[in-house]
Amino acid sequence: MGIQYILEITGTFAFAISGALAVKDQKHQDWFGASFTAFISSIGGGTLRDILLGSYPLVWISDITIIYAIIAGILVTSVFYKFVLRLRKTMFLFDTFGIALFTIIGTEKALYLGVRPEIAVIMGVFTATMGGVLRDVMTNEIPIIYRKEVYATACFTGACSYLLLNKLGAERNTAFIAASLVIIILRILAVRYHWSVPKFFR
Amino acid sequence: MGIQYILEITGTFAFAISGALAVKDQKHQDWFGASFTAFISSIGGGTLRDILLGSYPLVWISDITIIYAIIAGILVTSVFYKFVLRLRKTMFLFDTFGIALFTIIGTEKALYLGVRPEIAVIMGVFTATMGGVLRDVMTNEIPIIYRKEVYATACFTGACSYLLLNKLGAERNTAFIAASLVIIILRILAVRYHWSVPKFFR
Amino acid sequence: MGIQYILEITGTFAFAISGALAVKDQKHQDWFGASFTAFISSIGGGTLRDILLGSYPLVWISDITIIYAIIAGILVTSVFYKFVLRLRKTMFLFDTFGIALFTIIGTEKALYLGVRPEIAVIMGVFTATMGGVLRDVMTNEIPIIYRKEVYATACFTGACSYLLLNKLGAERNTAFIAASLVIIILRILAVRYHWSVPKFFR
């Protein structure tokens, strides 16, 4: 679990940065608002998953490292934000790694808690995306999952891939990495080639 | 419980349709957004009720049929949406049956879990209306309960009627049907004759 | 606990008034909307805290007095709203006492449930501010914590003061009152002298 834990903390850190950056274009963007938004973005998805599954204590309540990873993300954003803003592509990659990781971790945790695969997929997608959705609802933006890019859909596909590989008897680490790659590659290709999910009403 | 269960699944199906239709006028309305909105609309109210009451596992997590009823609602909306849109009146009736049913089910569940009648009324109204409220918050609409029609108020009156009938010793099925009819009739009359709840500030 | 309980009920009552007043400038402001908003404003923060901590039953579900304090707040606002609106300064003081009280109560409850001090601070701030945030999200306002005044920051400072006094061995009531005063004085000075939290992006 060593590597996975480091990745998880790194993912939380990256999500905190993207959360703090989200107040950039807001009229009101003081330290408290930025910190709050960073906090919500990072832990919102996992928190919602655990509340829905009734899994207590919540991860960030029992492991204080997560709170400090978020604080680090906020401080880094504040001190280096001009630099961070120039790193758009790096940030995009961080975010993409983050949602990939969180999707599979969320799916696994739900499975581990004994729910059906369909529910595990929902929990995986929620873990990765609901932090961003809460952030957007708070800052009066249109929630990220309604915007054009293939975002939640990549997570959905990744979670399904993980379950499929699982069912086909793939070793856990292999399934983890392969399913994460599905999400990462899908998202990168989607942004690169302007893919979008088909419209619901034609 | 046979008939009630079928009604519940039908109500979930109807709420999923109205949820998917809610993205119609949004700029961003891909498959994922529509599905997510349908999902939130259908299970949001009951989920909030169960989280507030600490009643686990959540209904849709333990009974996968609910998820499939939602998926069916999404598919039907997508394939037949021109038809569905023409069925405004039918949809209104479906929705009205849905909120009536969900109000009484929510009230009953809360009572069964041992809370006071005042709390049971709140839970009944929440079960019926908070899915729509969450949908509206997500899609940046003014939440349904703030809009003019007698909507939540009908649920409130129905939940109170149920409790009253209960207290007066009415048989459970009688109370269930009578209280549902109170909601249905109140809502239909309200829309028909443009009733509205008195303004709070005169 | 006698005095504290009375203060808590008074705080709930005051928050209900400010919640009901929040629909004043909304286009849609019927009785149900005002009552719902009052309800959310008063119990939203404590409810979120208890859900995050997995502490059941929720306070307002086990103690019906809270519901009646909210109803009283709604009725008073409706009957005397012209009077209430003229009492801006009094309302501001009520609200300030309210957030001070709720911050410390929230911090104490979290500590009592065995979480780390960092988490207790978060819970204290959430108890005081998230009701207002939920109210603002519901009524499509920019959430209060993003607005300029030193609001959540005062709660944060107060919660930290409480923990510090606690650690320094101060008697519980002394710590409670001193930390509350920190919040009250900080907020009054902030409004009086137009203090604001430093901008996150300079």
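Looking at an unreviewed UniProt entry, one finds chain A named Trimeric intracellular cation channel family protein, with Dyadobacter flavalbus as its source organism. Reading the Sequence similarities (unreviewed entry) entry of the UniProt record for chain A gives the comment "Belongs to the UPF0126 family."

K.L.:
How should the overall build of chain A be read in this particular structure?
P.N.:
Counting its regular elements, chain A contains eight helices and zero strands. Reading chain A from its N terminus to its C terminus gives the helix and strand order α-α-α-α-α-α-α-α. Here chain A has a C-alpha radius of gyration of 16 Å; the compact-globule value for 202 residues is 17 Å, and the two agree. Counting contacts in chain A only where the partners sit at least 6 residues apart, residues at least 24 apart contribute 72% of the total. Of the roughly 9000 Å² that chain A leaves accessible, carbon and sulfur atoms contribute 68%. For chain A, the centre of its 18 positive side-chain charges and the centre of its 12 negative side-chain charges are spaced 9 Å apart.

K.L.:
Help me understand the UniProt feature "transmembrane region" (unreviewed entry) in chain A in this model?
P.N.:
Residues and elements named next belong to chain A. Under the UniProt annotation, "transmembrane region" (unreviewed entry) lies at residues 6-24, 31-52, 58-80, 119-138, 150-169 and 175-195. Each end of residues 119-138 is marked by a C-alpha atom, and these two atoms are 26 Å apart; helix forms 100% of the span and strand 0%. Secondary structure across residues 150-169 comprises 80% helix and 0% strand; the distance between its end C-alpha atoms is 28 Å.

K.L.:
Help me out: how do you make sense of the packing of aromatic side chains in this one?
P.N.:
Given two aromatic rings, their pairing is described by the distance between the two centres and the angle made by the two planes. Under the defined criterion, the tally for this structure stands at twelve aromatic pairs over all chains. Ring centres of B:F15 and B:F102 lie 4.8 Å apart, and the angle between their planes is 50°; on these two criteria the pair is classed as tilted. Of the two residues, B:F15 sits in helix α1 (residues 2-21) while B:F102 sits in helix α5 (residues 88-112), which places them 87 residues apart along the sequence. Relative to C:F36, the ring of B:F126 lies with its centre 6.1 Å away and its plane at 65°, an arrangement referred to as edge-to-face. Note that B:F126 is positioned in helix α6 (residues 117-138) and C:F36 in helix α2 (residues 31-53), a pairing that runs across two chains.

K.L.:
Would you take a moment to explain the relation of the copies chain C and chain A for this structure?
P.N.:
Both copies of the chain are related through a single rotation about an axis accompanied by a shift along the same axis. With an axial shift of 0.0 Å and an RMSD of 0.0 Å, the rotation relating chain C to chain A amounts to 120°. With respect to symmetry, the two chain copies, as superposed, fit the operation of a three-fold axis. Little of the interface of chain C is mirrored in chain A, where only 12% of its interface residues are also at the interface.

K.L.:
Please clarify how the confidence of the model for chain A should be interpreted in this entry.
P.N.:
For any part of a model where pLDDT is low, the fine detail of the predicted coordinates should not be relied upon. Looking at chain A, the pLDDT average stands at 89 and 96% of residues meet or exceed 70. Of all the helices and strands in chain A, helix α1 (residues 2-21) of chain A carries the lowest mean pLDDT, 87, while helix α3 (residues 59-62) of chain A carries the highest, 96.

K.L.:
I tried to follow the environment of B:D63 on my own but got confused; where do I start?
P.N.:
Residues and elements named next belong to chain B. Inspection of the secondary structure puts D63 in the loop between α3 (59-62) and α4 (65-86). When the C-alpha positions of D63 and R49 are compared, they lie 17 Å apart, and in sequence the two are 14 residues distant. A polar contact of 2.8 Å, which involves the side chain of D63, links it to the side chain of T65.

K.L.:
When you look at the packing of α1(B) against helix α2 (residues 31-53) of chain B in this model, what are you seeing that I'm missing?
P.N.:
A pair of packed helices is characterised by two quantities: the angle between their axes and the separation of those axes. Residue and element names in this part refer to chain B. Their axes nearest at 7 Å, the elements α1 and α2 cross at an angle of 135°. On the basis of the axis angle, α1 is oblique to α2. Seen from above, α1 lies across α2 with right-handed handedness. Across the interface between the two elements, T12, F15, A16, G19 and A20 of α1 pack against A34, T37, A38, S41 and S42 of α2. Of the residues contributing to the contact of α1 with α2, the split by class is five nonpolar, five polar and no charged.

K.L.:
When you look at the interface of chain C and chain A in this model, what are you seeing that I'm missing?
P.N.:
By a frequent convention, interface size equals the accessible area lost on bringing the separate parts together. Contact with chain C, which involves 33 residues of that partner, is made by 32 residues of chain A. On the chain C side of the interface with chain A, the three residues burying the most area are C:Y146, C:F200 and C:F201, jointly 32% of the side's total. For the pair chain C and chain A, the number of links is zero salt bridges. Across the chain C-chain A interface, the total number found is two residue pairs in polar contact (both at pLDDT 80 or more). For the side of chain C that touches chain A, the elements supplying multiple residues, two or more each, are α2, α6 (117-138) and α7 (152-167) of chain C. Among the residues making up the side of chain C that touches chain A, the classes are represented as 23 nonpolar, three polar and seven charged.

K.L.:
What's the story with the interface of chain A and chain B in this structure? I'm lost.
P.N.:
Each partner contributes to the interface: chain A provides 33 residues, whereas chain B provides 32 residues. Taking both partners together, chain A and chain B bury about 2900 Å²; carbon and sulfur atoms supply 70% of that area. Contact with chain B buries area across many residues of chain A, yet A:Y146, A:F200 and A:F201 alone supply 32% of it, more than any other trio. Taken together, the links from chain A to chain B amount to zero salt bridges. Along the contact surface separating chain A from chain B lie two residue pairs in polar contact (both at pLDDT 80 or more). Looking at the side of chain A that touches chain B, the element that brings in the most residues is helix α6 (residues 117-138) of chain A, giving nine residues. When the residues that make up the side of chain A that touches chain B are grouped by side-chain class, the tally is 23 nonpolar, three polar and seven charged.

K.L.:
Just to check I follow, could you spell out helix α4 (residues 65-86) of chain C for this structure?
P.N.:
For an α-helix, the turn length of 3.6 residues means that residues three or four places apart are oriented alike. C:F80 marks where α4(C) bends most, by close to 95°. Those residues of α4(C) that fall on the buried side of the exposure criterion are C:I66, C:I67, C:A69, C:I70, C:G73, C:I74, C:T77, C:S78, C:Y81 and C:V84. On the buried face of α4(C), the contacting elements are α6 of chain B together with α1 (2-21), α2, α3 (59-62) and α5 (88-112) of chain C.

K.L.:
Could you clarify how one ought to interpret a nonpolar patch on the surface in this entry?
P.N.:
The grouping of A:I177, A:L181, A:I185, A:L189, A:Y193 and A:W195 at the surface amounts to a nonpolar patch, some 580 Å² of accessible area in total. Residue position: A:L181 is located in helix α8 (residues 172-192).

K.L.:
Explain the relation of the copies chain A and chain B to me, please; I cannot follow it from the model alone.
P.N.:
For the pair chain A and chain B, the best superposition has an RMSD of 0.0 Å and corresponds to a rotation of 120° with a translation of 0.0 Å parallel to the axis. Taken as a fraction of all interface residues of chain A, those also at the interface in chain B reach only 12%, which identifies the copy contact as different-surface.

K.L.:
Sorry, what's going on with the state of the cysteines here?
P.N.:
Tallied over the entire structure, the rule returns zero disulfides over all chains. Sulfur of A:C160: no disulfide; nearest cysteine sulfur belongs to A:C155 and is 11 Å away.

K.L.:
What is the right way to read unusual backbone geometry from this model?
P.N.:
Both trends apply: most residues other than glycine have a negative phi, and most peptide bonds are in trans. Of the consecutive residues B:Y56 and B:P57, the connecting peptide bond is found in the cis state with omega at -5°. Looking at where B:P57 falls in the secondary structure, it is placed in the loop between α2 and α3. If you check the backbone angles, A:H194 has positive phi at about 50° while not being a glycine. One can find A:H194 in the segment after α8.

Rules used in this analysis
Residues numbered from 1 in each chain as written. Chains lettered and ligands numbered in written order. Predicted model: local features only at pLDDT ≥ 70, side-chain atom pairs only at ≥ 80, totals over all residues. Heavy atoms only, no water. UniProt positions renumbered as here; feature names shortened; annotations may be inferred. Helix = DSSP H or I, 4+ residues; strand = E, 2+ residues; numbered from the N terminus. Rg over C-alpha atoms; globule rule 2.2 N^0.38 Å. Contact = heavy atoms within 4.5 Å. Areas by Shrake-Rupley, 256 points an atom, 1.4 Å probe, with all protein chains shown as cover. Lys, Arg positive; Asp, Glu negative; His and termini not counted. Charge placed at Lys NZ, Arg CZ, Asp CG, Glu CD. Phe/Tyr/Trp six-rings, centres within 6.5 Å; stacked < 30°, edge-to-face > 60°. Least-squares fit on C-alpha atoms with pLDDT ≥ 70 in both. pLDDT = per-residue confidence, 0-100. Polar contact = N/O pair within 3.5 Å; in protein donor to acceptor, adjacent residues only side chain to side chain. Axes fitted to C-alpha atoms, helices over the stretch in contact; angles between N-to-C directions. Parallel < 35°, antiparallel > 145°, perpendicular 65-115°, else oblique. Left-handed = near helix turned anticlockwise from the far one by under 90°. Nonpolar A, V, L, I, M, F, W, Y, C, P; charged D, E, K, R; others polar. Buried area = accessible area lost by both parts, 1.4 Å probe. Salt bridge = Lys/Arg side-chain N within 4 Å of Asp/Glu carboxyl O. Bend = angle between axes of the 7 residues up to and from the residue. Buried < 20%, exposed > 50% of the residue type's maximum accessible area, 1.4 Å probe, protein only. Patch = residues over 30% accessible without salt bridge, like charges linked within 9 Å, V, L, I, M, F, W, Y side chains within 5 Å. Disulfide = S-S within 2.5 Å.

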